Amino acid sequence: MVLSPADKSNVKAAWAKVGGNAGEYGAEALERMFLSFPTTKTYFPHFDLAHGSAQVKGHGKKVGDALTKAVGSLDDLAGALSALSDLHAHKLRVDPVNFKLLSHCLLVTLASHNPAEFTPAIHASLDKFLATVSTVLTSKYR
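We now turn to the structure provided with this report.

Rules used throughout
- All residue numbers refer to positions counted from 1 along the written sequence of the respective chain.
- Confidence filtering applies because this is a predicted model: local features only for residues at pLDDT of at least 70, side-chain atom pairs given and counted only at 80 or more, and all residues used for totals across whole chains, interfaces and linings.
- Water and hydrogen atoms were dropped before computing side-chain values, which therefore reflect all heavy atoms in the structure.
- Should a side-chain nitrogen of Lys or Arg be within 4 Å of a carboxyl oxygen of Asp or Glu, the pair is scored as a salt bridge.
- Working definition: helices are DSSP H or I runs of at least four residues, strands are E runs of at least two. Numbering for both runs from the N terminus.
- Paired rings are identified among Phe, Tyr and Trp, the last through its six-membered ring, by centres lying within 6.5 Å, and are further divided according to the angle between planes into stacked (under 30 degrees), edge-to-face (over 60) and tilted (the rest).
- Burial classes follow relative accessibility: with a 1.4 Å probe on protein chains only, a residue under 20% of its type's maximum area counts as buried, one over 50% as exposed, and anything between as partly exposed.
- Only the stretch in contact is used when fitting a helix axis, every axis being a line fitted to C-alpha atoms; angles between N-to-C directions are given from 0 to 180 degrees.
- Handedness of a crossing is defined here by the sense of rotation of the near helix relative to the far one, left-handed for an anticlockwise turn of less than a right angle and right-handed for a clockwise turn.
- Note on contacts: a residue pair qualifies if any of its non-hydrogen atoms lie within 4.5 Å across the two residues.
- Note that Gly is not counted as nonpolar here; it falls among the polar residues with everything else outside the nonpolar set of Ala, Val, Leu, Ile, Met, Phe, Trp, Tyr, Cys and Pro and the charged set of Asp, Glu, Lys and Arg.

### Observations regarding the pattern of salt bridges
Part 1 of the reasoning: The full count for this structure, using the stated rule, is 5 salt bridges.
Part 2 of the reasoning: Of the charged contacts in the structure, one is a salt bridge between Glu28 and Arg32, with a shortest N-O distance of 2.8 Å. Of this pair, Glu28 and Arg32 both sit in helix α2 (residues 22–36), 4 residues apart, roughly one helical turn.
Part 3 of the reasoning: With a shortest N-O distance of 3.0 Å, Asp86 and Lys140 are connected by a salt bridge.

Laid out in structure tokens, this is it:
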């Protein structure tokens, strides 16, 4: 999926609103995913998945940092996320559907924290962005 110039602008504007909360929002999205889609917990058997756990917060920060890096590399997402793609495909062997589930939970989290700014255009652009990130992360599975 190709992001248009308008999509890129929308994604950058929306992520600017996230600011320093990327890790917090990442953790919140992970918690939503674990609660809404319990099968996703199987990839984290060694984690304390309780609300507010340090391990979920730590992984949420990794998610937030990776997305911040992706937003800064919209013209080369494959290059920016290559190492993460390798990690998830070859070492962690995460089922690709989980990226879509987490993307949905991220959209819900972003919308709940920024309702006024979460316009249909921003929603569509973020959805395309997260779908593109998911595609890049699963590209090494083939």
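### A short note on the packing of aromatic side chains
Part 1 of the reasoning: As enumerated under the stated definition, the model contains 2 aromatic pairs in all.
Part 2 of the reasoning: Taking 5.2 Å as the distance between ring centres and 70° as the angle between the ring planes, the aromatic pair formed by Phe34 and Phe44 counts as edge-to-face. Linking Phe34 in helix α2 with Phe44 in the loop between α2 and α3 (54–71), this pair joins segments that are 10 residues apart in sequence.
Part 3 of the reasoning: Taking 5.0 Å as the distance between ring centres and 55° as the angle between the ring planes, the aromatic pair formed by Phe44 and Phe47 counts as tilted. The same class applies to Phe44 and to Phe47, which are both buried.
Part 4 of the reasoning: Among the aromatic residues, those joined into a cluster by ring pairs are Phe34, Phe44 and Phe47.

### Digging into the packing of α2 against α3
Part 1 of the reasoning: Taken N-terminus to C-terminus, the directions of α2 and α3 make an angle of 115°; their axes are 6 Å apart at the nearest point. In the crossing of α2 with α3, the sense of the turn from one axis to the other is right-handed. Across the interface between the two elements, Ala22, Gly23, Gly26, Ala27, Leu30, Glu31 and Phe34 from α2 touch Val56, Lys57, His59, Gly60, Lys61, Val63, Gly64 and Thr68 from α3.
Part 2 of the reasoning: A per-class count over the contact of α2 with α3 returns 6 nonpolar, 6 polar and 3 charged.

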